[in-house]
Protein chains: 2
Amino acid sequence: MRVISTLCLTVLVGFSSIAQKDSLFIKRMSDEIMTNGKAYDLLYELTKKIGGRLAGSPQGQQAAEWGKRNMEALGPDRVFFQSHKMMNWKRGGTDFASIVGVNGESRIQPLAVLALGNSMGSNGMIEAEVLAVANFDELEKRKDEVKGKIVYFHSVFDPTKIQTFRAYGESGVYRRSGASRAAKYGAVGIMIHSLSTAPDNAPHTGSMVYDPAYPKIPAVAVGPDDAKMLYALAKKGKVQMQMQTYGYFLPEFEDRNVVAEIKGSEFPNEYITLGGHLDSWDVNEGAHDDGAGVVHTMEVLRVMKALNYKPKRTIRFVLFANEENGVRGGNEYANQAKLNNENHIMALESDEGGFTPRSIGMTASKEAFKKFQAWSSLLKPYGCEVTFGGSGTDIGPLARINPATVIAGLVPDSQRYFDLHHAKTDVFENVNKRELLLGAVNIAAIIYLVDQYGVNP
Amino acid sequence: MRVISTLCLTVLVGFSSIAQKDSLFIKRMSDEIMTNGKAYDLLYELTKKIGGRLAGSPQGQQAAEWGKRNMEALGPDRVFFQSHKMMNWKRGGTDFASIVGVNGESRIQPLAVLALGNSMGSNGMIEAEVLAVANFDELEKRKDEVKGKIVYFHSVFDPTKIQTFRAYGESGVYRRSGASRAAKYGAVGIMIHSLSTAPDNAPHTGSMVYDPAYPKIPAVAVGPDDAKMLYALAKKGKVQMQMQTYGYFLPEFEDRNVVAEIKGSEFPNEYITLGGHLDSWDVNEGAHDDGAGVVHTMEVLRVMKALNYKPKRTIRFVLFANEENGVRGGNEYANQAKLNNENHIMALESDEGGFTPRSIGMTASKEAFKKFQAWSSLLKPYGCEVTFGGSGTDIGPLARINPATVIAGLVPDSQRYFDLHHAKTDVFENVNKRELLLGAVNIAAIIYLVDQYGVNP
């Protein structure tokens, strides 16, 4: 009995002194970030002095230089570029759509629209009747009516989904593949309801992909208010629409991931990556998407250097290129990791905005997850917990190369994200300083814990 | 063994079918609120069509009429006013402060300031040297230097407090009692650092109280940027300041709580109150403070009527008057409850803004709290849990009359609240629709659960 008690005591004291050490260091990082954090000022520079950063744009180039310069100033062991050919889509002009007739009578009513990323221009003004459908099921049922029409998908966001990314997942399929699904039956263009929760009329762009089997018809997203009006009109009568877009591709373009590194002192070939993506759409400042992830990443580097933290494992701070319409940066990072035989034990991305963090999502084996979950109590003072299931577009390729890599994501509160995601409203003014900094606190904490204790159960 | 198993099974099935019924009804309320909620539109009316609503102002009167009319339209069993004499403070003019000299040299530098609520005007322009102190300790140490000076308290918000209300609690004492603490030693005026987390320069007002033993000297809050500049200047040298304020009281004024009621079908004398306060400061629209609480309250009434919910207990939906600078509405509500022998089993206030809800805080006996805590799993899909310790300025008086009353508060995410609290930036544009509605969902859920199961352990 005494032996067992003593053993228990030893274990408990051991655990609690470790936990106390960790809790104190995390508090030091939090205090440093909340007091002296530079994430907000860096975000100001990125959004206001550089601006929108579509892959292939001059601003995209400037952002990479800016990222390298600023990370170098923070004093990691090295900062380097990873160059690769990136997608180079151009919007090409001011997208246009207007109702021109209802039930045979002339009626001019321009709509707020944005062409979808990667969609091709309409080659001049097209005019056609609108076929409005609620979803793909209705499209299939009415496929004989599609030929020569502009199909409008009423891909409205489900407001009852409290986790807004679930609604995005459901409706997002219309943005990504609606054009080819309709082109298959002879549509000449498509329109979708913007993937948005906002009580406004700003249209939201985002990437789409053509199925090479069908014509590359123009595709636009309509602002929420106009979309609802259009659906109501087209369900009752015959709506005639004019539409013009200008999208095209330039030749692929050399662009760059920016990678900063602090070498591990004990396990230098165990890599921990954290990152966000530098590119944004052309129509906004990419403040939440993903300026926030970029400056989160830089802030974690800053706080580790400010507190003179010497990691056991090699930590990589990565600003990815070309996430929005190609994932070329993420793929290149994984390719290089494979070429260089790097053992990536964990990667975390911040790409859900700079809102108050709610959890760190982690995709790992059950056994490893148990270990991570026990760290929830260390994150709780900063509003977070560890939950199962993390992801990030740019770090997904790492897991395809090595399925053992733990893939994690910062999960901020998601209520406001789709108000501004891919719309002109994603600007610096809509980012809150404390919410942004608090994201960096929780990322710093989880990176620290993985660095200290690894990912083995 | 079999008997025990059967018993367990019965209990489990019993519990799970109750939980399932509750979970389904809460989901119905959530879907109704997130889809058809009127809270955002009502908030627009209150903030944009009525505006700032300081107790005693014409807008305060309009707000009460608006609240009664709109709650009547929702069809509760009755809606009535509770009239009482309210505080009637007036700002009286445009508050002014300016540095006029530094180290004996002329230097004109106006500061962004707002007089504190309930503070008295300066009776013309006053001019004096500034004594800048970090806190009351320093004031006490330097009490001999105070006479004839304007004392500046560097009551800066502690940015490391993740729960911002804790920082508010710490710094708030300078706003509330700084004037008399300094007047005791002969100060002719005080200035404080605005109680704010915002990276801007807007000054934040808020209520203060004079100790009748000392002169009622003028008191202002300085915008965060100017406050930091002033502190740095005054710590290094001699700062000469001019200051003028105009505050005064008009005779107390008849104002009104607005109370809607749905009578309980089983326990009509068990009252459950939820509410927010109608009044705001004069300098903003009172959108988060406390328009949000007002429309949360109205939304819960709306959803209960929309789903034809018949409560077992009597539910009161209360829009309190004169919270900001008097708590006269809250006190009157408690007085009336006592006069009418109403048994108030629970009261909840929403007065921490319309941000994403994080928990329902409940102050109750340990045994009762255990029961409430078990409801956390029912709130989890809506982002909330039940935590210990809820409060609300307007419902506090109920607990003083009957300490058995469970006192609860909606606890939204607190990162943005003190950016705009009592400043001109607390306007409709800074409220997010989904975040606001989600607050109503969680309040509706907890009110429903208390109505169904009472508060006895």
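Residues numbered from 1 in each chain as written. Chains lettered and ligands numbered in written order. Predicted model: local features only at pLDDT ≥ 70, side-chain atom pairs only at ≥ 80, totals over all residues. Heavy atoms only, no water.

Chain A is annotated in an unreviewed UniProt entry as Carboxypeptidase Q from Aquirufa regiilacus. UniProt, in its Subunit (unreviewed entry) section for chain A, records the words "Homodimer. The monomeric form is inactive while the homodimer is active." (UniProt positions renumbered as here; feature names shortened; annotations may be inferred.)

This part covers the domain arrangement of chain A. Reports often express the size of an interface as the amount of accessible area lost when the parts come together. Residues and elements named next belong to chain A. When its domains are assigned, chain A resolves into domain 1 (21-88 + 252-453) and domain 2 (93-249). Computed over C-alpha atoms only, the centres of domain 1 and domain 2 are separated by 33 Å. Across the contact, 17 residues belong to domain 1 and 23 residues belong to domain 2. A combined buried area of about 1,600 Å² lies between domain 1 and domain 2, and 60% of that area is made up of carbon and sulfur atoms. By the criterion of area lost to domain 2, the three top residues of domain 1 are F418, D419 and H422, representing 36% of everything that side buries. (Domains from an automatic or database assignment. Contact = heavy atoms within 4.5 Å. Buried area = accessible area lost by both parts, 1.4 Å probe.)

This paragraph deals with the interface of chain A and chain B. With 30 residues of chain A at the contact, the number on the chain B side is 30 residues. Together, the buried faces of chain A and chain B total about 2,400 Å²; carbon and sulfur atoms form 50% of this surface. There are two salt bridges connecting chain A and chain B. With a closest N to O distance of 3.2 Å, A:E435 and B:R416 form a salt bridge. Elements with a contribution of two residues or more to the side of chain A that touches chain B: α1 (2-36), β16 (357-363) and α13 (433-453) of chain A. When residues of the side of chain A that touches chain B are assigned to their parent elements, the largest contribution, five residues, is made by α1(A). The class makeup of the residues in the side of chain A that touches chain B is nine nonpolar, nine polar and 12 charged. (Salt bridge = Lys/Arg side-chain N within 4 Å of Asp/Glu carboxyl O. Helix = DSSP H or I, 4+ residues; strand = E, 2+ residues; numbered from the N terminus. Nonpolar A, V, L, I, M, F, W, Y, C, P; charged D, E, K, R; others polar.)

Right, let's talk about the sheet that holds strand β8 (residues 189-193) of chain A for a bit. Residue and element names in this part refer to chain A. Strand order in the open sheet formed by eight strands is β4-β3-β10-β6-β7-β8-β9-β5, with mixed pairing between adjacent strands. Every other strand in the sheet has two partners, leaving β4 (105-110) and β5 (113-115) as the edge strands with one partner each. In this sheet, adjacent strand axes meet at a mean angle of 30° when their direction is disregarded. As paired strands, strand β6 (residues 126-133) and strand β10 (residues 239-244) are joined by four bridges and run antiparallel to one another. (Pairing = 2+ DSSP bridges. Axes fitted to C-alpha atoms, helices over the stretch in contact; angles between N-to-C directions.)

Our focus in this paragraph is the pattern of salt bridges. Under the definition given, this model contains 50 salt bridges over all chains. Across the salt bridge formed by B:K235 and B:E138, the nearest N and O atoms sit 2.6 Å from each other. In this pair, B:K235 is assigned in helix α6 (residues 224-236) and B:E138 in helix α4 (residues 136-141), connecting sequence segments 97 residues apart. For B:E138, a relative accessible area of 16% gives the class buried. A cluster of three or more residues bridged by salt bridges with shared partners is formed by A:R78, A:E261, A:K263, A:R316 and A:E342. (Buried < 20%, exposed > 50% of the residue type's maximum accessible area, 1.4 Å probe, protein only.)

The next thing to look at is the sheet that holds strand β14 (residues 313-320) of chain B. Backbone hydrogen bonds hold the strands of a sheet together, and the pairing may be parallel or antiparallel. All names here are of chain B. Strand order in the open sheet formed by eight strands is β1-β12-β14-β13-β15-β18-β16-β17, and the pairing between neighbours is mixed. Strand pairing shows two members of the sheet lacking a second neighbour, β1 (78-86) and β17 (386-388), which therefore form its edges. Between one strand axis and the next, the sheet turns through 25° on average, direction left out of account. Inspection of the sheet shows strand β13 (residues 267-277) paired to β14 by eight bridges, in the parallel sense.

In this section: the layout of surface pockets. For the second largest pocket, the calculated volume is near 900 Å³. Taken together, 30 residues line the second largest pocket, and the ones lying closest to its centre are A:R416, A:E429, A:N430, B:E429 and B:N430. Every element with two or more residues in the lining of the second largest pocket is listed here: α12 (417-420) of chain A together with α12 (417-420) of chain B. Looking at side-chain class alone, the lining of the second largest pocket contains 13 nonpolar, seven polar and 10 charged residues. (1 Å grid on protein atoms, 1.4 Å probe; cavity = no way out; pocket = protein on both sides within 12 Å on 5 of 7 lines; lining within 4 Å. Points joined across faces, edges and corners; volume = space filled by probe spheres on them.)

What follows concerns the UniProt feature "domain: Peptidase M28" (unreviewed entry) in chain A. Those places that UniProt annotates as "domain: Peptidase M28" (unreviewed entry) correspond, in this numbering, to residues 257-436 of chain A. The distance from the first to the last C-alpha atom of residues 257-436 of chain A is 23 Å, and the span holds 32% helix and 27% strand.

Let us look at the packing of aromatic side chains. Given two aromatic rings, their pairing is described by the distance between the two centres and the angle made by the two planes. Scanning the model with the defined rule gives 41 aromatic pairs over all chains in all. Pairing A:Y40 with A:F428 gives two aromatic rings, centres 4.8 Å apart and planes at 40°, and the pair type is tilted. Of this pair, A:Y40 sits in helix α2 (residues 39-50) while A:F428 is found in the loop between α12 and α13, placing the two residues 388 residues apart along the sequence. Each member of the pair, A:Y40 as well as A:F428, is classed as buried. Through pairs of rings, three or more aromatic residues link up here, namely A:F157, A:F165, A:Y168, A:F355, A:Y417 and A:F418. Above the face of the B:F81 ring, B:K68 is positioned so that its terminal group lies 5.2 Å from the ring centre. Lying over the aromatic face of B:F136, B:R181 brings its terminal NZ or CZ to 4.0 Å of the ring centre. (Phe/Tyr/Trp six-rings, centres within 6.5 Å; stacked < 30°, edge-to-face > 60°. Lys NZ or Arg CZ within 6 Å of the ring centre and 35° of its normal.)

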